[in-house]
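What follows is each chain in one-letter form.
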Amino acid sequence: MSAIRDLTLLIEEIKPLKDQEEAVLTEPISEGKWSLREIVAHLYKWDAYNTTEMVSRMEDDAQLPEFPNHDSFNAAGVKELEGISVYEIVNRFISQRASLIEALDAVDPQAHFTIGKGKRTFTAESFAKIFVHHDGEHLPQIHDQLGQDSRS
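In this text, all values refer to a predicted model and were calculated from it rather than measured experimentally.

Counting its regular elements, the chain contains 7 helices and 2 strands. Taken from the N to the C terminus, the helices and strands of the chain come in the order α-α-α-α-β-α-α-β-α. By the compact-globule yardstick of 15 Å for 152 residues, the chain fits well, its C-alpha radius of gyration being 16 Å. Along the first, second and third principal axes, the C-alpha set of the chain runs to 45 × 30 × 25 Å. Here the chain holds 152 residues, and 41% of them are scored as buried. By sequence separation, contacts in the chain at least 24 residues apart represent 72% of the contacts at least 6 residues apart. Accessible surface, the chain as shown: approximately 8,400 Å² in total, 49% of it carbon and sulfur. With 15 positive and 27 negative side-chain charges, the chain shows a separation of 3 Å between the mean positions of the two kinds.

This is how it looks when you write it as structure tokens:
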């Protein structure tokens with residue numbers, strides 16, 4: 001399976017959140033940490049950014065912009081979605097992730113590009129791997145909060 005296809009796996013993990021009690025989704029996963037609502041908001045904002053700012057520029061020999069500062073981007077993204085229901089955020093994530101996958105699928109698989117001032121070249125596939133790894137960092141948090149076995 002390709003990394004681009006692997007991005008669909010998180011959609012299947014997030015969909016069941018629509019059936020959870022709001023209190024479970026809005027309670028921090030531990031002291032000083034985000035709630036599932038904030039984790040999904042964070043994932044949604046990165047997918048939206050990547051779709052509009054990164055994937056849209058993926059052409060052979062292109063230099064994509066540097067990723068924004070993660071801490072300020074994450075804080076602003078979560079703050080921007082304050083007042084929006086957790087269920088709406090889940091729906092937005094599912095829709096945005098599907099759009100990201102569709103956009104990545106449309107990129108020429110032979111196109112190689114750099115990000116920011118980096119020298120390493122990427123393809124749409126290797127770019128997707130970054131975010132499959134990122135998804136993998138958040139999946140155990142989701143499973144733990146829901147009392148699921150993270151190894152399943």
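Okay, back to it.
Approximately 210 Å³ is the volume attributed to the largest pocket. Lining of the largest pocket is provided by Trp34, His42, Trp46, Phe67, His70, Asn74, Ile130, Phe131, His133, His134, Glu137 and His138. Elements that contribute at least two residues to the lining of the largest pocket include exactly α4 (36–54), α5 (70–80) and α7 (124–146). Looking at which element gives the most residues to the lining of the largest pocket, the answer is α7, with 6 residues. Partitioning the lining of the largest pocket into residue classes produces 5 nonpolar, 6 polar and 1 charged.

Core analysis: the biggest nonpolar cluster contains 40 residues, and Ile14, Leu17, Met58, Phe93, Leu104 and Phe127 have the highest contact counts within it. When contributions to this core are tallied by element, the ones reaching two or more residues are α1 (3–6), α2 (8–14), α4, α6 (86–106) and α7. It is α4 that provides the largest number of residues to this core, a total of 9 residues. Once you skip the residues sitting within four places of it in the chain, leucine 104 turns out to touch Ile4, Leu7, Val55, Met58, Ala124, Phe127 and Ala128.

The next thing to look at is the packing of α4 against α6. Where α4 contacts α6, the two axes come as close as 9 Å, and the packing angle between them is 30°. One finds that α4 runs roughly parallel with respect to α6. Considering the relative orientation of α4 and α6, their crossing is left-handed. The residues of α6 that touch α4, namely those facing Arg37, Val40, Ala41, Leu43, Tyr44, Asp47, Ala48, Asn50 and Thr51, are Val86, Ile89, Val90, Arg92, Phe93, Gln96, Arg97, Ser99, Leu100 and Ala103. Partitioned by chemical class, the residues of the contact of α4 with α6 number 11 nonpolar, 4 polar and 4 charged.

This part covers the packing of α4 against α5. Orientation of α4 relative to α5, taken along the N-to-C sense of each, is 110°, at an axis distance of 9 Å. Of the possible angle classes, the one that applies to α4 and α5 is roughly perpendicular. Like other packed secondary-structure pairs, α4 and α5 cross with a definite hand, here right-handed. In this structure, α4 contributes Glu38, His42, Lys45, Trp46 and Tyr49 to the contact, and α5 contributes His70, Phe73, Asn74, Gly77, Val78 and Glu80. For the contact of α4 with α5, a count of residues per class yields 4 nonpolar, 4 polar and 3 charged.

Analysis parameters
- Each chain carries its own residue numbering, running from 1 in the direction its sequence is written.
- Confidence filtering applies because this is a predicted model: local features only for residues at pLDDT of at least 70, side-chain atom pairs given and counted only at 80 or more, and all residues used for totals across whole chains, interfaces and linings.
- Excluded from the side-chain calculations are hydrogens and water; all other atoms, namely the structure's heavy atoms, are used.
- Numbering goes from the N terminus for both helices and strands, where a helix is a DSSP run of H or I of at least four residues and a strand is a run of E of at least two.
- For the radius of gyration, the atom set is restricted to C-alpha positions; the globular benchmark scales as 2.2 Å times the number of residues to the power 0.38.
- Only protein chains enter the accessibility calculation, which uses a 1.4 Å probe; a residue whose area is less than 20% of its type maximum is buried, one above 50% is exposed, and one in between is partly exposed.
- The contact criterion used throughout is that any non-hydrogen atoms of two residues lie within 4.5 Å.
- Only the protein chains shown count as covering a residue, and every accessible area follows the Shrake-Rupley method with a 1.4 Å probe.
- Asp and Glu are treated as the negative residues and Lys and Arg as the positive ones, with His and the ends of the chain left uncounted.
- A single reference atom marks each charge: NZ on Lys, CZ on Arg, CG on Asp, CD on Glu.
- The way it works is a 1 Å grid over only the protein atoms, where trapped points that fit a 1.4 Å probe form a cavity and open points with protein on both sides within 12 Å along at least five of seven lines form a pocket, and then any residue with an atom within 4 Å of a point lines it.
- Grid points are joined across faces, edges and corners, and a volume is the space filled by probe spheres set on the points.
- For this classification, Asp, Glu, Lys and Arg are treated as charged, while Ala, Val, Leu, Ile, Met, Phe, Trp, Tyr, Cys and Pro are nonpolar and the rest, including Gly, are polar.
- Here, nonpolar core refers to any group of buried Ala, Val, Leu, Ile, Met, Phe, Trp, Tyr and Cys residues whose side-chain atoms link them within 4.5 Å.
- For helices, the fitted axis covers only the stretch in contact; all axes are lines through C-alpha atoms, and the angles between them, taken along N-to-C directions, range from 0 to 180 degrees.
- These descriptions rest on fixed angle ranges, namely under 35 degrees for roughly parallel, over 145 for roughly antiparallel, 65 to 115 for roughly perpendicular, and the rest for oblique.
- Here a crossing is taken to be left-handed if its near helix is turned anticlockwise relative to the far helix by less than a right angle, and right-handed if that turn runs clockwise.

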